[in-house]
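# Structural characterization, general
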Amino acid sequence: MSVEQNKQTARRFYDEVLNKGDIDVIDEIAVPGYEEHDPLPGQRTGSVGLKDRVNMLRTAFNPTFTIHDVIAEADKVVVRWTNSGSMVSEFLGMPANGKSFAIPGIDVYRMENGKLVEHWHVVDQLSHLMQIGLFPSPANA
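Everything numeric in this text was worked out from a predicted model, so none of it was measured.

## Details of the pairing of strand S3 (residues 76–86)
- Pairing analysis gives 9 bridges linking strand S2 (residues 64–73) to S3, with the strands arranged antiparallel. Directly across from glutamate 73, in S3, lies its bridge partner lysine 76.
- Here S2 folds back onto S3 in antiparallel fashion, the turn holding 2 residues, of which alanine 74 has a positive phi close to 50°.
- In this sheet, strand S4 (residues 100–112) lies alongside S3 in antiparallel orientation, the contact comprising 11 bridges. Its bridge partner being in S4, serine 84 is matched across the sheet by alanine 102.

This is how it looks when you write it as structure tokens:
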């Protein structure tokens, strides 16, 4: 597959799966043995685990991902994004509180035959926890 096709697959994940909630698209864009290098607690392995992750995030945070950059070379695709949403449901034992957030992140995917195979990411989790009130903010921030 071409670099452009790999970028399109990554965009479909954000547009169709994360933003619109079409979980079944995962069967089209990820391999069954998909490897998540930073799984959420309770997330299973493989593409079924990716579905777990998306369901957990969409249920708890009602996210909207805005893509800023999609960069690709060889079998890697890097996506820089902002995730905005609100804590609308329980997440990992933490009760919903309705607080809003906007956090930046970067995802790296390894692709094979135009499908997602592996995932790594960097997310501003501290800022996320502070914005939704689950971690105290510094008094002068």
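## A word on the layout of surface pockets
- The computed volume of the largest pocket comes to approximately 550 Å³.
- Lining the largest pocket are 32 residues, and of these Leu40, Arg53, Leu57, His121 and Gln125 sit closest to its centre.
- Those elements giving two or more residues to the lining of the largest pocket turn out to be helix H1 (3–19), strand S1 (30–36), helix H3 (46–61), S3, S4, strand S5 (115–123) and helix H4 (125–131).
- Ranked by residues supplied to the lining of the largest pocket, first place goes to H3 with 5 residues.
- Its residues assigned to classes, the lining of the largest pocket shows 23 nonpolar, 5 polar and 4 charged.

## Overview of the sheet that holds S5
- Spatial strand order, S1-S5-S4-S3-S2: 5 strands in an open sheet with mixed pairing. Among the strands making up the open sheet, the edge pair consists of S1 and S2. Strand after strand, the sheet turns through a mean of 25° between neighbouring axes, direction not considered.
- Pairing analysis gives 3 bridges linking S1 to S5, with the strands arranged parallel.

## Some points on the side chain of histidine 119
- Positionally, histidine 119 belongs in strand S5.
- With residues near it in sequence (within four places) discarded, histidine 119 still touches Tyr34, Glu35, Glu36, His37, Asp107, Val108 and Tyr109.

## Brief notes about the packing of aromatic side chains
- Applying the stated criterion across every chain, the model contains 7 aromatic pairs.
- Look at tyrosine 14 and tyrosine 109: their rings are 6.4 Å apart centre to centre, the planes differ by 80°, and that puts the pair in the edge-to-face class. With a gap of 95 residues between them, tyrosine 14 in helix H1 and tyrosine 109 in strand S4 connect regions that are remote in the sequence. For the pair tyrosine 14 and tyrosine 109, one class covers both residues: buried.
- The rings of Phe13, Tyr14, Phe65, Trp81 and Tyr109 are connected pair by pair, giving a single aromatic cluster.

About the thresholds
What you see as residue numbers is a count from 1 along each chain, following the sequence as written. Per-residue local features are limited, in this predicted model, to residues with pLDDT of at least 70; the limit for side-chain atom pairs, both in listing and counting, is 80 or more; totals at the level of whole chains, interfaces and linings are taken over all residues. Water and hydrogen atoms were dropped before computing side-chain values, which therefore reflect all heavy atoms in the structure. Pairing between two strands requires that DSSP report at least two bridges joining them. Helix and strand assignments follow DSSP, with helices taken as H or I runs no shorter than four residues and strands as E runs no shorter than two, numbered in order from the N terminus. A pocket here means an open set of points on a 1 Å grid, computed over the protein atoms alone, that has protein on both sides within 12 Å along at least five of seven lines. A cavity is instead a set of points where a 1.4 Å probe fits but cannot get out; residues with an atom within 4 Å of a point line either one. Grid points are joined across faces, edges and corners, and a volume is the space filled by probe spheres set on the points. Here the term charged refers only to Asp, Glu, Lys and Arg, the term nonpolar to Ala, Val, Leu, Ile, Met, Phe, Trp, Tyr, Cys and Pro, and the term polar to all other amino acids, Gly among them. Convention adopted: a line fitted to C-alpha atoms gives each axis, helices being fitted over their contacting stretch, and angles between N-to-C directions are expressed from 0 to 180 degrees. Here a residue-residue contact requires only that any non-hydrogen atoms of the pair lie within 4.5 Å. Aromatic pairing here means that ring centres of Phe, Tyr or Trp (its six-membered ring) are within 6.5 Å. Orientation follows from the plane angle: under 30 degrees is stacked, over 60 is edge-to-face, and everything else is tilted. Here the term buried applies to any residue with accessible area under 20% of the maximum for its type, exposed to any over 50%, and partly exposed to those in between, with areas from a 1.4 Å probe on protein chains only.

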